[in-house]
Every structure is written in C-alpha cells, then in structure tokens.
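Notes for the structure review
Below are the chains, spelled out letter by letter.
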Amino acid sequence: MYNEINWDGIDLQQPPPEEEPARQYYFIKLLKGWMDGIIKEKGRKLSCCVNTFGCQMNSRDSEKILGILKCIGYEETGSENADLVVFNTCTVRENANLKVYGRIGQLKKYKSKNPGMVIMLCGCMMQEKEAVAKIKRSYRNVDVVFGTHNIYKFAELLAMKVLDSEDSGKMVVDVWEDAEIIVENLPAERKYPFKSGVNIMYGCNNFCSYCIVPYVRGRERSRKPEDIVKEIEGLVKDGVSEVMLLGQNVNSYGKNLEEPLSFTGLLEKIEQIDGLRRIRFMTSHPKDLSDELIEFMGRSEKLCKHIHLPLQSGSSRLLKIMNRHYTKEEYLLLVEKIRKAVPDIAITTDIIAGFPGETEEDFNETLDVIEKAGYDNAFTFIYSKRTGTPAATMDCQIPENVVKERFDRLLKVVHCTTARKAEQYLGKISDVLVEEVNAQEEGYVTGRTGQNYLVHFKGDKSLIGSIVPVKLCESRGFYYYGELAGE
Ligand code: SAH
Ligand code: SF4
Ligand code: F3S
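A few points about the sheet that holds strand β15 (residues 429-437)
- Reading around the circumference, β15-β16-β17-β19-β18 is the order of the five strands in this closed barrel, with mixed pairing throughout. Across the sheet, the mean angle separating the axes of adjacent strands is 50° when strand polarity is ignored.

Quick word on the side chain of Asn438
- Structurally, the position occupied by Asn438 is in the loop between β15 and β16 (444-449).
- A polar side-chain atom of Asn438 sits 3.3 Å from the main-chain amide nitrogen of Glu441.
- A distance of 3.5 Å separates the side chain of Asn438 from the side chain of Thr446, its partner in a polar contact.
- Filtering out sequence-adjacent residues up to four positions away, Asn438 remains in contact with Tyr444, Val445, Thr446 and His456.

Here's the deal with empty space enclosed by the protein
- Per the stated rule, a full pass over the model turns up one cavity of 30 Å³ or more.
- Of the voids in this model, the largest cavity is the one considered here, and its volume is about 60 Å³.
- Lining the largest cavity are Phe281, Met297, Ser300, Leu303, Cys304, Lys305, His306, Val342 and Ile345.
- Grouping the amino acids of the lining of the largest cavity by side-chain chemistry returns six nonpolar, two polar and one charged.

Remarks on the site of ligand 2
- The environment of ligand 2 is made up of Cys204, Asn206, Phe207, Cys208, Tyr210, Cys211, Val213, Pro214, Gln248, His285 and Arg324.
- Classifying every residue of the shell around ligand 2 gives seven nonpolar, three polar and one charged.

Let's talk about the packing of helix α10 (residues 291-299) against helix α12 (residues 328-341)
- For the pair α10 and α12, the least separation of the axes is 8 Å and the interaxial angle reads 30°. When the axes of α10 and α12 are compared, the pair comes out roughly parallel. Residue-level inspection shows Asp291, Ile294, Met297 and Gly298 of α10 in contact with α12, the latter providing Leu334, Lys337, Ile338 and Ala341.

A short note on the packing of helix α8 (residues 225-237) against helix α9 (residues 263-271)
- Close contact between α8 and α9 brings their axes to 10 Å; oriented N to C, the two are set at 30°. For the element pair α8 / α9, the angle class is roughly parallel. The chirality of how α8 crosses α9 is right-handed. Residues Pro225, Ile228, Val229 and Ile232 of α8 touch α9, and the partners they reach there are Leu266, Lys269 and Ile270.
- Tallied by class, the residues present in the contact of α8 with α9 amount to six nonpolar, no polar and one charged.

Overview of the site of ligand 3
- Around ligand 3 sit Cys55, Asn58, Cys90, Thr91, Val92, Cys124, Arg217 and Gln248, and those are all the residues in its vicinity.
- Classifying every residue of the shell around ligand 3 gives four nonpolar, three polar and one charged.

Conventions adopted
Residues numbered from 1 in each chain as written. Chains lettered and ligands numbered in written order. Predicted model: local features only at pLDDT ≥ 70, side-chain atom pairs only at ≥ 80, totals over all residues. Heavy atoms only, no water. Pairing = 2+ DSSP bridges. Helix = DSSP H or I, 4+ residues; strand = E, 2+ residues; numbered from the N terminus. Axes fitted to C-alpha atoms, helices over the stretch in contact; angles between N-to-C directions. Polar contact = N/O pair within 3.5 Å; in protein donor to acceptor, adjacent residues only side chain to side chain. Contact = heavy atoms within 4.5 Å. 1 Å grid on protein atoms, 1.4 Å probe; cavity = no way out; pocket = protein on both sides within 12 Å on 5 of 7 lines; lining within 4 Å. Points joined across faces, edges and corners; volume = space filled by probe spheres on them. Nonpolar A, V, L, I, M, F, W, Y, C, P; charged D, E, K, R; others polar. Near = heavy atom within 4 Å. Parallel < 35°, antiparallel > 145°, perpendicular 65-115°, else oblique. Left-handed = near helix turned anticlockwise from the far one by under 90°.

Spelled out as structure tokens, the structure:
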C-alpha cells in the first residue's frame, strides 16, 4: 500500500526508475518538493478540481487522480477556478462529448486571470483521434491530454508540464492505443469514507455493435485476485463497509489470468473478508451470467440483493444485430432463475431506443420485457451514433422524431412499472447504509437499501456510515421516506 512507501528511500539525484509504481512515486516526490517551494513563495497550497463525466469506472479513475494530487499536496476545491483542472471525459453518447467542449471553453476566462493554471483532459473521449485533433486545433488553453490506459502516469505527465524549465507552452499529448500492464498500489482517494468502488477488471471484449467502450477502454484485463482482496482488506481497515466491484462485464472476470478464476470464485474470497458488510457489482452481461453465480447470490450473506442486468432491447432480432448473444426468451428465463434463487432481489437495466432498423414491433417487444421482467429501475437512452462502431454505418438510422416519440413512451412504461414495483416494499424494514445528511430537508439523512433504493428518514450526521434498520413508509418512485426502526 502506498502509505507504506519509504519516501526517504527515493533518491531524486538519480534518474527516475523504469519500473512501476516506483517511477510514479519518484515523480510524486519531485512534485511534493516543487509544491513545498510554491507554499513558501505564495503562502498557500495550489488548488485542484477534478471533474468526472460518465460511469463509475471514470469516477474511480478520478479518485486515483485525486489520490495522487493530494499526495503531492494539492488542496481540493469544487470550483473550476482552480490552479489545476482535470476533466475526466466520457464518450459513450454524443451529448457526453459536447458537454466537455462547452466546459473547456468556459475555462478560458479563468486561465486569462491565472496564466499559471493547468488544464488536463483524460478519459474515454481522449482515446478518439478526432477529439484530440479538435482539442489541438481549437482549444489551445489545454496543457495535457492523456487517455484511459496511462492514467497511472498522471504524476509523470503533470511533472512534464509544470517542471518544464523551458516552459515551452506546448501541449503535452500522451494517448496509448491499449495497455497490457495493470499498475497496482498507487494512491487513491474516495468520495465516501464508508464505501468504495474497486476495479476488478479493465476493458471490454464484447463489441456490442452500438458501443464505443471497447475502442476506448481496450481489451479485457483482470486484476489478480490477491491484489483485489488486499485492496479491499485495506479499505475495510480504513472504515469501508461496502464495496462495488467494477468491470464492463464482471461475469467474464478472470478468464485471462495466469491461474483463471471465475467471478463467483472471486466473490467467495471477498465474502470472507472480515469486517466487510456489503458487496455490490456492476455490470453484469446477461450472456455470461452463470448458474454458479446465481446459486452464490442465493446463499451469500454480503452480496446486496440487487443486480443490474442491461437488456438494451427486448427484440431477439435486434439483440442479434446488437451482438448481445442472448434472445428475449433467454433473458426472461435468466430473470426468472435469479428471482427464484433470490426472491426479493431488485433488478435494474439499461435500454436503448432507436437502434438502427428498430421497427414498431421491435420496440413493442422491449416494452413487453419491461412489463414481464418487473424492473425496479431502468436507465433509458436514445441511440447515439458513435463513429467507428458497426451500428454507425448501418442502414435505416431512425429519424429523430420517431425515436423521440418512442423514448417518451418508454419513459412512461418504465415509470409505471417501477412505481408499481416500489410499492411492494412498503411497510417492510430494510437495512440502510446511511450516506449523507439530506441537503434539501433539515433533520433528515439519506441512505441506500441493499436493493439500492434511496431512503430519506429522520436522523442526524452521527448515523453516517452505519447500517441501520429503517421502515419504508412512503414510496416516491425510486426513493422512499422511512422511519428508523427500533433495534
Ligand atoms: N458494460 C455495460 C455498459 C456500459 S455503457 C454493459 O454492457 O451493460 C452503459 C450503457 O450505455 C449501456 O448499457 C447502453 O445501454 C448505453 N449505451 C452504450 N452505447 C450507446 C449508444 N451508442 N447510444 C445509446 N446508448 C448507449
Ligand atoms: Fe459496451 Fe457491450 Fe462492452 Fe457493455 S458489454 S461496454 S455495452 S461493448
Ligand atoms: Fe463513458 Fe468511458 Fe464509462 S465512455 S460510460 S466513461 S467507460
């Protein structure tokens, strides 16, 4: 673990070591010294702001960046008027992309007042050549661009910029096509003291025909089970009681390890970690969800009773073109099996409306699955054309007005089904991990049930981080009002 690092043992008179993570600690130490100088000169620490777009993978990556920044001595601020601003970008849909350009533009006003300000861009969008070309062309205020594969090199990239004695003002661009290695034991912050995301694998091999993730996150690589267990044990020691295991398709965990281990095998190891109370995972691809895992979900004491099982479409015809490798019937059978093994499990999903060639019949099949599967929640997306994916060049792209109309219908059906679903837990007592004081309502706190429902109830900040029984009294869609139940 990084807090065991022997800083005195790092000799800055020597050239940086080649091996990782030692090389990064060398640059962190170099930057620490630089920051000490600045504190003496300015009488304050430099501030930093890390902004995250996209999914939980990106959130976790941002925590790693923040971990390095804090280690160097930066002070975190919520404002983009900071000495260092990082945008960790997403490109899964076009609008995620557009948002970023707008935000980089807005930084101009801050940089003109603070010319020493450093702007760094990273994440999935930076893996796209066209995006980087556009940044180079039109956003000269950006200092450093790097991708998803070399995030561990953050300290080195920052050092290249701020310790450049010539200060050439040139943009540093370092984006890799793919990565073989996984660098362990670098610092990481976390947003909540009591829960944390934990990467178990990186990349994706599935190439669903609409999706850009495999192109920007590279091929699937699993972390070694002993590294994962060690990280979680460290987190538990540090006060964490809930972990969210992260991967684009956790069900194919372990296939590329020297000693292959199934996802269930990994879960069995994690289940045994003393002091860990709750385990979640995401995302689970229906095509790889094994009977072994379903059986484990039925008997595990720590796995939360929630599974996110993206459907994408209810039409077997479209699922084939999407390259999802399951049919409507197989998906529904899977849902049935899961519910049989874990009767009160919450099932959530992702759905895309307007995939190329989607007919009214295909769309109705999706609505049919929503009714039949009885989702607790569904994230709905309008299909977005991603350059380089097979779907982008398919015939029959659906006109905007048709998609919009379908999307509205989809939302209505989702709202009705999920509201109905939420009613079923009313009056029940659920264990809630208390996350924060409710900012909108004085005297209330907010937490999550194992099924991942949000619950607001009367309480104070002393409850934060604890798991308490709460009676679910009133349902408001995907959240409840509850009452702390007696011990
Ligand atoms: N690995 C996860 C999902 C990652 S992306 C999985 O397979 O489930 C999150 C969601 O974004 C996907 O489930 C999908 O519903 C949606 N999505 C991905 N590409 C999209 C696109 N081109 N247009 C619209 N939605 C998309
Ligand atoms: Fe994208 Fe499919 Fe991989 Fe999920 S499994 S990240 S949807 S390609
Ligand atoms: Fe976006 Fe990258 Fe996640 S494209 S959804 S941040 S893997």
